[in-house]
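# Descriptive analysis of the structure
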Amino acid sequence: MLGPRMMGAVDGTSGAKAGVEELPLVDLPLEDRVRLAHALIESLAVEASVDLVHIKGYATEPSLYEPDRASTDVDVLVRPAHVDALVRALIGRGWRTVTTFETGSVFHHAMTLWHDQWGYVDVHRAFPGVGIPAEAFFERLWDEHRTLRIAEWPCRVPARRHQALIIVLHAARDPHRGAADVAHLRSVLTPAEWDGLEAAAGIAEAHVSFAAATGHLDDWAAHPEHDVWEVMGRGGTRVELFRARWKASRTAGERAGLLRSLVVVNRDHLRMQLRREPGVADVARELGARAGDVLRAAAGRRGGAAPSTHDAG
């Protein structure tokens, strides 16, 4: 087993300094690479005195997902005050920023980094659908966190009921696999565990997002956020999502940000779509596509796809 403190010899970041002969790069299967990335990130976080919990994917008890469910990246939820320290530690070990908190998703909740050997990590400072402050939500998870061995390395993860809560809240904005994930949880959790899950959602003030994921969104039809979760759940257009977010906005600052998003292209996401640095012509085409979406919506036709809600989960 290659422990996290030995991984530098594989990625070339520390082997020479330690006086160890550099090993050749190894083409690992995706699952092994993601599991090892969990272990390495945990090791870096401990060294940097960063409080975090690994969420979703291989950081979840296997029974809470359908069998053979695969994961393609690492997700961590970080104590908000420790986010900068973790990002510095990751960049110091070769990760590069792909999207920032502002460009990662419409919720501004996570940023994505990439490492040429270890792949993607999504660093969450909050979790969409949670109503209480991010620091308070993290503290809830931290108070009950436990250890799960990933790649034979002890990684900090939420308690079982909070793992289930994360799955349900993520399902609320995943029109492709969300319903199946929730159905599976219903089949494996006992009635008492489901009651505990609902209680945890209530404490987190995640009533609307939890209802959206569990088929009860109509019970919250009068809530300002109803339309946001309705669009998220079925996968609506960017115009529909804009209208829903406008309805849910509570301050002049939020609405000013929404108006700004109409005319400022998210270059990080455009770069990901194009797989290259976007040029002036690419930005112009994107702005033209947005204008077309607005005109089609005004004419009563469906606009383009909604902006990404990628975690940045």
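In this text the structure is predicted, and so the values were computed from the model without any measurement.

The helix and strand tally for the protein stands at 14 helices and 7 strands. A total of 313 residues make up the protein; the buried ones form 47% of that total. Of the roughly 15300 Å² that the protein leaves accessible, carbon and sulfur atoms contribute 55%.

The subject of this paragraph is the packing of helix 6 (residues 160-171) against helix 8 (residues 191-203). Interaxial distance between helix 6 and helix 8 falls to 9 Å at its minimum, and their mutual angle equals 70°. It follows that helix 6 is roughly perpendicular to helix 8 by the angle criterion. By crossing handedness, the relation of helix 6 to helix 8 is classed as right-handed. In this structure, helix 6 uses R160, R161, H162, A164, L165 and V168 to contact helix 8, whose residues at the interface are E193, G196, L197, A200 and A201. Here the contact of helix 6 with helix 8 is built from residues that sort into 6 nonpolar, 2 polar and 3 charged.

Let's shift gears to the pattern of salt bridges. One pass over the full model with this rule turns up 17 salt bridges. D227 is the salt-bridge partner of K247, the closest N and O atoms lying 3.2 Å from each other. With K247 in helix 11 (residues 238-248) and D227 in helix 10 (residues 226-234), this residue pair connects regions lying 20 residues apart in the sequence. Each of D51, R79, E135 and E139 takes part in salt bridges that share partners, so that together they form one network.

Attention now moves to the sheet that holds strand 5 (residues 119-124). Sheet strands associate in pairs through backbone hydrogen bonding, adopting either a parallel or an antiparallel arrangement. Spatial ordering of the open sheet is given by 1-2-5-4-3, a layout of 5 strands whose pairing is mixed. Two strands lie at the open edges of the sheet, namely strand 1 (52-55) and strand 3 (96-99), each paired on one side alone. Sheet twist, expressed as the mean angle between neighbouring strand axes with direction ignored, is 30°. Of the strand pairs in this sheet, strand 3 and strand 4 (residues 110-115) are connected by 3 bridges, and their pairing is antiparallel. The residue of strand 4 that forms the bridge with T97 is L113.

One pass over the structure, following the stated rule, counts 4 aromatic pairs. Ring geometry for F138 and W142: centres 5.7 Å apart, planes at 20°, overall stacked. Of this pair, F138 and W142 both sit in helix 5 (residues 134-143), 4 residues apart, which is roughly one turn of that helix. The residues F138 and W142 share a single accessibility class, namely buried.

Here we come to the nonpolar core. Inside soluble globular proteins, nonpolar side chains tend to come together where they are buried. Within the largest apolar cluster, 41 residues are counted, with the highest numbers of intra-cluster contacts made by F137, L165, L185, L197 and F210. At the level of elements, strand 1, helix 5, helix 6, helix 7 (178-188), helix 8, helix 9 (207-213), helix 10 and helix 11 are the ones that each hand at least two residues to this core. Among the elements that line this core, the one with the most residues is helix 6, at 7 residues. Beyond its immediate chain neighbours, meaning those up to four positions away, F210 contacts L165, V168, L169, W194, L197, E198 and A201. Within the second largest apolar cluster, 26 residues are counted, among which are A45, V78, L86 and W95.

Take empty space enclosed by the protein next. Estimated volume of the largest cavity: approximately 30 Å³. Lining the largest cavity are H54, I55, K56, A59, T60, P158, Q163, I166 and I167. For the lining of the largest cavity, the secondary-structure elements that each account for two or more residues are strand 1 and helix 6. No other element matches helix 6, which puts 3 residues into the lining of the largest cavity. Looking at the lining of the largest cavity, its residues break down into 5 nonpolar, 3 polar and 1 charged.

Procedures and definitions
Residues numbered from 1 in each chain as written. Predicted model: local features only at pLDDT ≥ 70, side-chain atom pairs only at ≥ 80, totals over all residues. Heavy atoms only, no water. Helix = DSSP H or I, 4+ residues; strand = E, 2+ residues; numbered from the N terminus. Buried < 20%, exposed > 50% of the residue type's maximum accessible area, 1.4 Å probe, protein only. Areas by Shrake-Rupley, 256 points an atom, 1.4 Å probe, with all protein chains shown as cover. Axes fitted to C-alpha atoms, helices over the stretch in contact; angles between N-to-C directions. Parallel < 35°, antiparallel > 145°, perpendicular 65-115°, else oblique. Left-handed = near helix turned anticlockwise from the far one by under 90°. Contact = heavy atoms within 4.5 Å. Nonpolar A, V, L, I, M, F, W, Y, C, P; charged D, E, K, R; others polar. Salt bridge = Lys/Arg side-chain N within 4 Å of Asp/Glu carboxyl O. Pairing = 2+ DSSP bridges. Phe/Tyr/Trp six-rings, centres within 6.5 Å; stacked < 30°, edge-to-face > 60°. Core = buried A, V, L, I, M, F, W, Y, C linked by side-chain atoms within 4.5 Å. 1 Å grid on protein atoms, 1.4 Å probe; cavity = no way out; pocket = protein on both sides within 12 Å on 5 of 7 lines; lining within 4 Å. Points joined across faces, edges and corners; volume = space filled by probe spheres on them.

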